[in-house]
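Summary of the model geometry
Each chain is listed here by its residues.
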Amino acid sequence: MRKTTTKLPDGRELIYYDTRDDVVRDPVDPRPATAPARTTEIRYDALREEWVLIAAHRQGRTHHPPTEECPLCPSPEGNSEIMADDYEVAVFENRFPALAGDGDAESARERLHALRRPGQAWRAAPGAGRCEVVCFSADHDRSFADLPAEQVALVLDVWTDRTAELSHLPGVEQVFLFEDRGKETGMSLVHPHGQIYAYPFVTPRTRRVLAAVAGHRSATGRNLFDDLVAEESSDGRRLVVEAEHWTAFVPYAAHWPYEVHLYPRRRVPDLTGLDDAARAEFPGVYLDLLRRFDRLFGAAGPAPYISSWIQAPISDREEFALHLELFTVRRTPAKLKHLAGSELLMDVFVNEIPPESAAARLRELG
């Protein structure tokens, strides 16, 4: 993989990833220099013990532009973020980030001290961190499921590289990678792409998972992730795909109508820990799952979905298990799973489709 780092006119990084070593990328963007508009803050919700990102400039972010104005298509004339004739995979700092500013080691220590200061109901800090956009293909009309396996392998290498690099930024506590497809998920650009958030804190859900994992270890002496995957494999009713190095299943207490979790058989904390065999097998397994989702609703079209890599935080890694979570917000060809009061306000999900039925349906579509 060849990696070429360049700068956009406002100083944001743009990185090209190519499979060929002889590809030459122009490191200079000739467009006039501009200043990025970035003002972000994180505020602490003391009652819920959660951080909220405040990013007013995101009100003006690009939303469903016409195809000819897509900011993710290659444009040698400079009409998009990517001033090139073509690209394989491109990554750049988000123009409208929810987190911005890498800082340095000293400011990161000061920020973390402020974040962890007990006894104060009102706490805030600069929204330092990083938000990146990952363009999976230069083809505007492609979906991830349409990519050839070699391209998916390159994307996996890119995700791994970004995880490694962002994990070493001062103050970053967790790296989160995700893709949302379909207007129903809130996606604002049609072009095939995903995003990366490098958080300056451990996310609330991750903290809850870590507490559950620690409690299970204390009670049983075993790893909770390992036990869950083993039980799903043994039970079999919710399995969707069992490959040599990966296992995919609908979780026992699935929150969403059609939801699949994909685990490497060898537990690792994040993408950097995957071995060559797991990496080689991933494209075929993942494309299989996405294409099953494409066939779920027949004439209604491919399922809108959110897909994300759940990775260990930087500072608590030994017991965590990397896995991918994939779900759709559609429950029938004509009905969406809208989050209502119980889900939004009490964090109590109501799932209308039994996980065993969802798994059986997904197995049929293989």
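None of these values were measured; they are calculated from a predicted model. (Residues numbered from 1 in each chain as written. Predicted model: local features only at pLDDT ≥ 70, side-chain atom pairs only at ≥ 80, totals over all residues. Heavy atoms only, no water.)

1. Details of the pairing of strand 13 (residues 305-310)
- Of all six residues in strand 13, five are buried; the element is thus mostly enclosed.
- Bridge count for strand 8 (residues 174-181) against strand 13 is five bridges, and the pairing is antiparallel. Bridge assignment links Glu179 to a residue of strand 13, and that residue is Ser307.
- Here strand 13 runs beside strand 14 (residues 323-328); their pairing, made up of six bridges, is antiparallel. By the bridge assignment, Tyr305 is partnered in strand 14 with Thr328. (Buried < 20%, exposed > 50% of the residue type's maximum accessible area, 1.4 Å probe, protein only. Helix = DSSP H or I, 4+ residues; strand = E, 2+ residues; numbered from the N terminus. Pairing = 2+ DSSP bridges.)

2. Focus on the sheet that holds strand 1 (residues 2-7)
- Taken together, the eleven strands give an open sheet; going across it, the order is 1-2-5-7-9-8-13-14-12-11-10, and neighbouring strands pair in antiparallel fashion. This sheet does not close on itself; its edge strands, each paired only once, are strand 1 and strand 10 (239-242). Each strand of the sheet is rotated relative to its neighbour by a mean of 15°, with strand direction disregarded.
- The pairing of strand 8 with strand 9 (residues 193-199) spans five bridges and is antiparallel. Bridge pairing in strand 9 links Val175 to Ala198.
- Along the sheet, helix 5 (residues 276-295) makes contact with strand 8, strand 10, strand 11 (246-249), strand 12 (258-264), strand 13 and strand 14, crossing strand 14 at roughly 10°. (Axes fitted to C-alpha atoms, helices over the stretch in contact; angles between N-to-C directions. Contact = heavy atoms within 4.5 Å.)

3. Points about the sheet that holds strand 6 (residues 124-126)
- An order of 4-3-6 is seen for the three strands of this open sheet, with the pairing classed as antiparallel. Each end of this open sheet is capped by a strand with a single partner; those strands are strand 4 (50-54) and strand 6. For this sheet, the mean inter-axis angle between neighbouring strands, taken without regard to orientation, is 25°.
- As paired strands, strand 3 (residues 41-45) and strand 6 are joined by three bridges and run antiparallel to one another. Its bridge partner being in strand 6, Glu41 is matched across the sheet by Pro126.

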